[in-house]
Protein chains: 2
Amino acid sequence: MSDGASDLIEAGAQPQGGERRRGIDRVIMLLEALLRHRAPVRVGDLAKMIGAPRSTTYEIVNSLLEAEMLETVGSEGYVYFGRSMHLFGWAYSHHNAHYRRILETLDKMAAETGETVQLCGLRGHKYVVLDCRDSPGPFRISSDVGVEVPIPWTASGRLLVGHMSEAELKSFIPADDYKLPDGRAIAPQDFFRDVEQARLQGFSETSALADRFTWCMAAPIRDGHGAINRTLCFVLPVDTPEPRRNQLLDLLRERAKGLSLAGG
Amino acid sequence: MSDGASDLIEAGAQPQGGERRRGIDRVIMLLEALLRHRAPVRVGDLAKMIGAPRSTTYEIVNSLLEAEMLETVGSEGYVYFGRSMHLFGWAYSHHNAHYRRILETLDKMAAETGETVQLCGLRGHKYVVLDCRDSPGPFRISSDVGVEVPIPWTASGRLLVGHMSEAELKSFIPADDYKLPDGRAIAPQDFFRDVEQARLQGFSETSALADRFTWCMAAPIRDGHGAINRTLCFVLPVDTPEPRRNQLLDLLRERAKGLSLAGG
DNA sequence: TTAGTTCGTCCGATATTTCAGACATAGTGT
DNA sequence: ACACTATGTCTGAAATATCGGACGAACTAA
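Residues numbered from 1 in each chain as written. Chains lettered and ligands numbered in written order. Predicted model: local features only at pLDDT ≥ 70, side-chain atom pairs only at ≥ 80, totals over all residues. Heavy atoms only, no water.

Overview of the packing of aromatic side chains
Residue and element names in this part refer to chain A.
Line of reasoning, step 1. Here the structure, examined in full by the defined rule, presents 9 aromatic pairs over all chains.
Line of reasoning, step 2. Pairing Tyr92 with Tyr99 gives two aromatic rings, centres 5.9 Å apart and planes at 65°, and the pair type is edge-to-face.
Line of reasoning, step 3. Between Tyr178 and Phe191 the ring centres are 5.7 Å apart and the planes differ by 75°, which places this aromatic pair in the edge-to-face class. With a gap of 13 residues between them, Tyr178 in the loop between helix H8 (166–172) and helix H9 (188–201) and Phe191 in helix H9 connect regions that are remote in the sequence. (Phe/Tyr/Trp six-rings, centres within 6.5 Å; stacked < 30°, edge-to-face > 60°. Helix = DSSP H or I, 4+ residues; strand = E, 2+ residues; numbered from the N terminus.)

So, the interface of chain A and chain B
Line of reasoning, step 1. Taken together, the contact pairs 69 residues of chain A with 56 residues of chain B.
Line of reasoning, step 2. Interface area for chain A against chain B, summed over the two sides, is near 5,500 Å², with a carbon-plus-sulfur share of 67%.
Line of reasoning, step 3. The tally of links between chain A and chain B comes to 4 salt bridges.
Line of reasoning, step 4. At the junction of chain A and chain B, the tally comes to 9 residue pairs in polar contact (both at pLDDT 80 or more).
Line of reasoning, step 5. Here the side of chain A that touches chain B takes 11 residues from helix H5 (residues 83–94) of chain A, the largest share from any one element.
Line of reasoning, step 6. For the side of chain A that touches chain B, the per-class residue count stands at 37 nonpolar, 16 polar and 16 charged. (Contact = heavy atoms within 4.5 Å. Buried area = accessible area lost by both parts, 1.4 Å probe. Salt bridge = Lys/Arg side-chain N within 4 Å of Asp/Glu carboxyl O. Polar contact = N/O pair within 3.5 Å; in protein donor to acceptor, adjacent residues only side chain to side chain. Nonpolar A, V, L, I, M, F, W, Y, C, P; charged D, E, K, R; others polar.)

Thoughts on the pairing of strand S3 (residues 78–81) of chain B
Residues and elements named next belong to chain B.
Line of reasoning, step 1. As paired strands, strand S1 (residues 41–42) and S3 are joined by 2 bridges and run antiparallel to one another. Looking across to S3, one finds that Arg42 is bridged to Tyr78.
Line of reasoning, step 2. Here 4 bridges tie strand S2 (residues 70–73) to S3, and the two strands are oriented antiparallel to one another. Across the sheet, the residue bridging to Thr72 is Val79, located in S3.
Line of reasoning, step 3. Here S2 folds back onto S3, and the loop between the two strands holds 4 residues, one of which, Gly74, carries a positive phi near 70°. (Pairing = 2+ DSSP bridges.)

Some thoughts on the protein's contact with DNA strand D
Line of reasoning, step 1. Contacts to DNA strand D come from 17 residues, most closely from Tyr58(A), Arg20(B), Arg26(B), Pro53(B) and Thr56(B).
Line of reasoning, step 2. Between DNA strand D and Arg20(A), the relevant distance is 3.2 Å, taken from a base nitrogen to a side-chain nitrogen or oxygen of the residue.
Line of reasoning, step 3. Contacts to DNA strand D include Ser55(B), whose side-chain N or O atom sits 3.3 Å from a base oxygen.
Line of reasoning, step 4. It is helix H4 (residues 54–66) of chain A that provides the largest number of residues to the surface near DNA strand D, a total of 3 residues. (Near = heavy atom within 4 Å.)

Digging into the confidence of the model for chain A
It should be kept in mind that the predicted coordinates are not to be read in detail where pLDDT is low.
Line of reasoning, step 1. Of all residues in chain A, 89% have pLDDT values of 70 or greater, and the mean over the chain is 85.
Line of reasoning, step 2. In the model, residues 1–17 of chain A has pLDDT below 50 throughout and makes 0 contacts with residues more than four positions away in sequence or in other chains. (pLDDT = per-residue confidence, 0-100.)

Laid out in structure tokens, this is it:
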């Protein structure tokens, strides 16, 4: 009472130097840092990447190593994801028949067309590739599974946010995400119109948008309520002839529809 | 005396009621319990399965849900592995032991130029990518590390066989390898001339060869005897402007030379 | 209605975990 | 040789996350 302990409520407003975090949160930050980095990392660097003390990081890493959620790589103290992660992830992607059916379709479409096929979705406020089958050529157009990409850069993104109003879109998508990697910017109004169009026509296409050499086409996979959680997507060379594109688009829409659960 | 409070020191031998555990350990137990169960579980049951208090379990589950390491299934409070697990597991299973052999130069060049950089070599009678740094865009031109590709399809291949005579080349390279993926065929004589030219000028370039959308340039990394075992290589979009190509070629040759062991 | 579940949330206390820093060791470059 | 940096381990102390338990709500079965 004497020392105004009642103000304690307000005390820690600013996260200042001596910040103490929960182990669980450290674990989450650590795993996402590893995912972003996409290569083994030394513990010291990991500590910097997640802004944690070295001693804490060692403690956490050792726990995760023991659980095989991480494993050491090489002999110089590098660590990366471990076997348990593979098992957990496998469990996730096979736990329901629907997802398995989607993966089978992915395989089949890749085999039939020889093109790159992707399954896409949202993760937080970004677009991610959830799984993919790359075209068989020695050089391919592809993007890494799990890497977060701004929604406006992608055809799938336009479908995945189709249920949102313009106001919702404005608050959902970071302003910076309208800037393309080559410096160009997409006008938000144009993007909103694209989203509207994608919703009406039931598919979305982009050409040379995030890149100069890709033509992307996406079709929605709807859940039982008609909502779009996933999209099926072709990533083609931008110079693919129009007749072939149309043919592929038809296939894509048909397969995506076949995977949708919406009755009706 | 009745309850022997003084024996408290010894009390905890048996893992009895008042056991307090670290959040991280709870997380690990929780995930392994889910894996064993192989189906979505309600939070209350999860608490029993891992022997944790309900309140703690809710706390932990909510953290993991927020991180998408878990996700709710159905509308009755069931949870199971989430999307992040899939991404972590994918990263694990696509992480190949060779990735550890990354050269600093590769990192630096990729960072400086933003282009796709590869380290290439021969494996048997084929060309392989030994390591690579991909350009940062969401879609990229790339090829899989370790996948064998016919030597005549690549710029690096022209350098890597530079020490062979025409007769040696004829027996070294399978006849089928002159056929490109799109059906065209390279005339062996043209290829031999390319190899000769690459040897004389100390680099090699190909455009739209194995693909319609790539421009490849390769420069030799020589071992202590001056032999070419490895090449450094840019994989560019085929429409990269010539001035930039020249600039990148200069950089490539300089760095490759810097990595060469051949004494002056 | 009453009695019995389970759910999800909230609270205060304390046993525990995070943290900063020290330490010996190993590696690098001048 | 030297200075400099990074690694992996330990330690004590303080901040706090875990815990037990309580609470209202929703549901079931009499």
